[in-house]
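Architecture and fold: a report
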Amino acid sequence: AVPSKTTMSILECILIDASSGEIKLTGNDMELGIETTVNGEILEHGKIALDAKLFSEITRRVSSQNAVVTIESDDKFTTTISCENSVFNIQGRDGEEFAYLPYIEKDKYICLSQFTLKEVIQQTIFSISPNDSNKMMAGELFEVSLDGHRISIRKVRLKDHYDDTKVIVPGKTLSEISKILGGDNEKEVLIYFSANHILFEFDSTVVVSRLIEGEYFRINQMLSSDYETKVSVNKKEFLNCIERATILIRENDKKPLIINIGDNSMEMKLNSSFGSMNADLMIHKTGKDIMIGFNPKFLIDALRVID
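Calculation rules
Each chain has its residues counted from 1, running along the sequence as written. Local features in this predicted model are restricted to residues whose pLDDT is 70 or higher, and side-chain atom pairs enter the listing and the counts only when it is 80 or higher, whereas totals over whole chains, interfaces and linings include all residues. In computing side-chain properties, one takes all heavy atoms of the structure into account and sets aside hydrogens as well as water. If DSSP finds at least two bridges between two strands, the strands pair. By definition, any uninterrupted DSSP run of H or I lasting at least four residues is a helix, any uninterrupted run of E lasting at least two residues is a strand, and each is numbered from the N terminus. For helices, the axis comes from a line fit to the C-alpha atoms of the stretch in contact; other axes are also lines fit to C-alpha atoms, and the angle between any two N-to-C directions lies between 0 and 180 degrees. Each helix crossing is assigned a hand: it is left-handed if the near helix lies turned anticlockwise from the far helix by less than a right angle, otherwise right-handed if that turn is clockwise. What makes two residues a contact is simply this: any of their non-hydrogen atoms within 4.5 Å. Ten residues, namely Ala, Val, Leu, Ile, Met, Phe, Trp, Tyr, Cys and Pro, are considered nonpolar, four, namely Asp, Glu, Lys and Arg, are considered charged, and the remaining ones, Gly among them, are considered polar. To count toward a patch, a residue needs a relative accessible area over 30% and no salt bridge; like charges are then connected within 9 Å, while nonpolar side chains (Val, Leu, Ile, Met, Phe, Trp, Tyr) are connected within 5 Å. Per-residue accessibility takes into account occlusion by the displayed protein chains alone, with areas from the Shrake-Rupley method and a 1.4 Å probe. Salt bridge, as applied in this entry: a Lys or Arg side-chain nitrogen positioned within 4 Å of an Asp or Glu carboxyl oxygen. Geometric relationships in this document are graded by angle, where less than 35 degrees denotes roughly parallel, more than 145 denotes roughly antiparallel, 65 to 115 denotes roughly perpendicular, and other angles denote oblique. For each residue, the accessible area found with a 1.4 Å probe, counting protein chains only, is set against the maximum for its type, and the residue is called buried under 20%, exposed over 50%, and partly exposed in between. This arc is built from the directions going out from the helix axis to the C-beta atoms.

In spatial order, the strands read E12-E11-E10-E13; together these four strands make up an open sheet with antiparallel pairing. In this open sheet, the two strands that pair with only one neighbour each are strand E12 (151-153) and strand E13 (168-170). Between one strand axis and the next, the sheet turns by 25° as a mean value, whatever way the strands run. As defined by bridge partners, strand E10 (residues 139-141) adjoins E13 across three bridges and the pair is classed as antiparallel. Looking at the pairing, Glu 140 lines up with Val 169 of E13.

Encoded structure:
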């Protein structure tokens, strides 16, 4: 949650807050804020903001698995980080300058397992378009995501009954949450909603993010159920064939994978400047024969997240 470039240099820091009875670390880029509590001993209460890049590099290099790290600051915010036989002195900043996370009322929420949330994000996140000028393309409706080329929908049955809620969460937020979730089926995530923010609470971590404002795309109008051809195919064989075909494509090539669907077989063809590939797969088909071309990357992204 620490921005790489910002006009507010204090946000390039991680806040270490030991002013109450626990040690909290906070990163905040004003869109996404992450706060986590760590175990340790507070010898004297206080707070300090340390340059995030420097701080993470130091801790990564000095601490072995069970080593104790000591952090102390003076009145001028000069900070000493010592661990085993290494001592670093770096300049910190006044923790009072740091932007706190917004307060969220915890009256509207849902609850699901960490495993489910991690899986749901991974099975939809590839369909967002983070660099699109349309901000809706960079977010996920809490059910659906799309990038103009494809739509991913993943439904989850919740254990309890909750109020209807529709929010659009930035893809960056979900991507970061997916990285830090443990993915334990026994542990839960509480997700709270307010008018402008969403809050995720799990383990000893809180993630707060701004929501994307506006009306999401009318998905139901984009999805048609009156298809003319339906195919059942072995997922693993299908994915393997497509991945083999992409050996012949370089990064910037826009070569389609041509799929010719007949009664019991699906023939796949790909031609590029490096050569060509043909493959046949056994399928079960209902409806009409069809020949159709796809961007192979889109098919691979979807098949990889289907168990």
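All right, on to unusual backbone geometry then. Backbone geometry places Phe 77, a non-glycine residue, at a positive phi of 70°. Here Phe 77 shows up in the loop between strand E5 (69-73) and strand E6 (78-83). Non-glycine residue Asp 203 carries a positive phi angle of around 50°.

A word on the packing of helix H5 (residues 235-245) against helix H6 (residues 296-304). Contact pair H5 / H6: the axes reach a minimum separation of 10 Å and the direction vectors enclose 145°. Crossing hand, H5 versus H6: left-handed. Contacts from Lys 235, Phe 238, Leu 239, Ile 242 and Glu 243 of H5 reach H6 at Pro 296, Leu 299, Ile 300, Leu 303 and Arg 304. The residue makeup of the contact of H5 with H6, split by class, is seven nonpolar, no polar and three charged.

Taken together, the side chains of Ile 151, Ile 153, Met 222 and Leu 223 define a hydrophobic patch exposed on the protein surface, amounting to about 320 Å² of accessible area. Topologically, Ile 153 is positioned in strand E12.

Two elements in contact, helix H2 (residues 114-122) and helix H3 (residues 171-180), have axes separated by 9 Å at closest approach and are oriented at 135°. Considering their axes alone, H2 and H3 lie oblique with respect to each other. In this structure, H2 crosses over H3, and the sense of that crossing is left-handed. Residues Leu 117, Lys 118, Ile 121 and Gln 122 of H2 lie in contact with H3, whose contacting residues are Leu 174, Ile 177, Ser 178 and Lys 179. Residue composition of the contact of H2 with H3, grouped by class: four nonpolar, two polar and two charged.

It is worth spelling out the pattern of salt bridges at this point. With the rule as written, the count across this model stands at 19 salt bridges. Here Asp 203 and Lys 187 are joined by a salt bridge, their closest N and O atoms 3.8 Å apart. Pair noted here: Asp 203 is in the loop between strand E15 (197-202) and strand E16 (205-210) and Lys 187 is in the loop between H3 and strand E14 (188-193), with a separation of 16 residues, a long-range link. A relative accessible area of 40% means that Lys 187 is categorised as partly exposed. Notably, a salt bridge pairs Asp 289 with Lys 285, separated by 2.4 Å at the nearest N-O pair. In the salt-bridge network here, residues are joined through shared partners; they are Asp 147, Arg 150, Lys 297 and Asp 301.

Take Glu 105: it is sitting in the loop between strand E8 (93-94) and strand E9 (109-113). Given the relative accessible area of 49%, Glu 105 is considered partly exposed. In the structure, Glu 105 is positioned 87 residues away from Tyr 192 in sequence and 7.9 Å away in space, judged by C-alpha atoms.

Before going further, it helps to examine helix H1 (residues 52-62). Think of an α-helix as turning once every 3.6 residues; residues three or four places apart then point the same way. Of the residues making up H1, those classed as buried are Ala 52, Phe 55, Ile 58 and Val 62. When H1 is viewed along its axis, its buried side chains cluster within an angular range of 135° and face the same direction. Seen from the open side of H1, the exposed residues pointing more than 90 degrees away from its buried face are Lys 53, Arg 60 and Arg 61. Where H1 is buried, its residues touch strand E1 (13-17), strand E2 (23-28), strand E4 (47-51), E5, E6 and strand E7 (86-91).

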